[in-house]
Amino acid sequence: MAAPMELYCWAGGWGLPTVDPDCLAVLTYARFTGVPLKVHKITNPWRSPSGSLPALKTSDGVFSDTQEIITHFRKQQFNADYDLSALQGADTLAFLSLINRKLLPMLIHTFWVDAKNYVEHTRKWYAEAIPFPLNFFLPSRMQKRQLERLQTICGETWQDDEERLEKQLYRDGCECLTLLSQRLGRKKFFFGDSPASLDAFVFSLLAGLFNAKLPNGKFQQHLNSLPNLCNFCTSILSLYFPWDGAPWLLPFPPPPRSKPEAEGETHKRRNQFLSVLVALVAMVGYAFLSGIVSIHKETPRHADPHALTLDEAEEEEEEE
């Protein structure tokens, strides 16, 4: 039997199986189609085979782009859009384009640009989840990548008038949510009773906004005013992710819990030891630099004239 495909993604949080929208899109698509996956939910992207998340490890290689991963699923005969008509396929492409132009920029702004949300919610979670010492710089690096992503969508002048941009992003985001709500209507999924790729992508973007407890929830309030989209998120979570944030494996049994707990305890002790070591080195360095501690070399009164000091011995070894 061939080894199952292995997916590396961000760990769960905020009541979601994973906090990252790209990882959530892949996970949701896999659940919709029944892809046999061994999932590694981690908080250190450097532990993935590509150094980024999500990452899919297969016998054909490693895939790290969301669309590439889903394309590989389709090549393995796991196609959520198999039963869609040509018109529904065209609608999918049109709505995905709309989402990328109007909804995604507002979500990036909500979680990564808005200062209050970023400091008290987004960075807080990643700083607590990512292991020491990576948690000191990885969140800011991730924020920079999201800002570059926003610049690509909005153009290089997006920072010229941030207040005007925020208002425009909010209008576009609300318009997109309203159009999605109208398209969904009273249906369970966008194309009827069976989920498709559009459902996976929409859910991956809305679930975080729906579940997160944001200090600045202005955009979140508009989503809450659209009950069918809220029910859409709740339904997918309950049907396809009945256990929040837990590692899952299809069709193989989940690993025992004792091992992750033991590994977590080991990481905790290692982090505590490193923290003490860094503090000790800093204290000693400060003592020397400030002159509190100093070292003086004294020559013995009856020193052997042929004896070598430590410095002299080192110099002779270099010369030889």
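Here's a quick rundown of the structure. Because the structure is a prediction, the values reported are computed rather than measured. (Residues numbered from 1 in each chain as written. Predicted model: local features only at pLDDT ≥ 70, side-chain atom pairs only at ≥ 80, totals over all residues. Heavy atoms only, no water.)

The subject of this paragraph is the overall build of the chain. Counting its secondary structure elements, the chain contains 11 helices and four strands. Residues classed as buried in the chain amount to 40% of the 320 residues present. Partitioning the intrachain contacts of the chain with sequence separation of at least 6 by distance along the chain shows that 72% fall at a separation of at least 24. (Helix = DSSP H or I, 4+ residues; strand = E, 2+ residues; numbered from the N terminus. Buried < 20%, exposed > 50% of the residue type's maximum accessible area, 1.4 Å probe, protein only. Contact = heavy atoms within 4.5 Å.)

A word on unusual backbone geometry. In this chain, Leu 53 is followed by Pro 54 through a cis amide linkage whose omega measures 0°. Along the chain, Pro 54 falls in the loop between strand S2 (37-42) and strand S3 (55-58). Omega for the bond connecting Phe 132 with Pro 133 falls within 30 degrees of zero, at 0°, which places this linkage in the cis form. With respect to the secondary-structure elements, Pro 133 resides in the loop between helix H4 (115-129) and helix H5 (138-154). Here the phi dihedral of Gln 77 falls at roughly 70°; this positive angle occurs in a residue that is not glycine.

The next subject is the side chain of Gln 143. Position of Gln 143 among the secondary structure elements: in helix H5. Classification of Gln 143 as buried rests on a relative accessible area of 19%. If we skip the residues at most four places from it in the chain, Gln 143 touches Trp 112 and Tyr 118.

The mixed open sheet is built from four strands, whose spatial order is S2-S1-S3-S4. Each edge of the sheet is formed by a strand with only one pairing partner; in this case those strands are S2 and strand S4 (61-63). Within this sheet the neighbouring strands show an average axis-to-axis angle of 20°, counted without direction. The sheet contact formed by S3 and S4 spans three bridges and is antiparallel. Bridge pairing links Thr 58 to Gly 61 in S4. Contacting strand S1 (5-10), S2, S3 and S4, helix H2 (residues 66-75) crosses the sheet at an angle of about 35° to S3. (Pairing = 2+ DSSP bridges. Axes fitted to C-alpha atoms, helices over the stretch in contact; angles between N-to-C directions.)

A few words on the pattern of salt bridges. Between side chains of opposite charge, a pair can form as their charged atoms come close. Enumeration over the complete set of coordinates arrives at seven salt bridges. Taking the shortest distance from any N to any O, the salt bridge between Lys 116 and Glu 120 comes out at 3.0 Å. Highlighted residues: Lys 116 and Glu 120, both in helix H4, separated by four residues, approximately one helical turn. With a relative accessible area of 41%, Glu 120 lands in the partly exposed category. (Salt bridge = Lys/Arg side-chain N within 4 Å of Asp/Glu carboxyl O.)

Once that is clear, we can look at the pairing of S3. Consecutive side chains of a regular strand alternate in pointing toward one face of the sheet and then the other. Where S1 and S3 come together, three bridges link them in antiparallel fashion. Bridging from a neighbouring strand, Leu 7 pairs with Leu 56 of S3. Taking the residues between adjacent antiparallel strands as the criterion, S3 and S4 are bridged by two residues.

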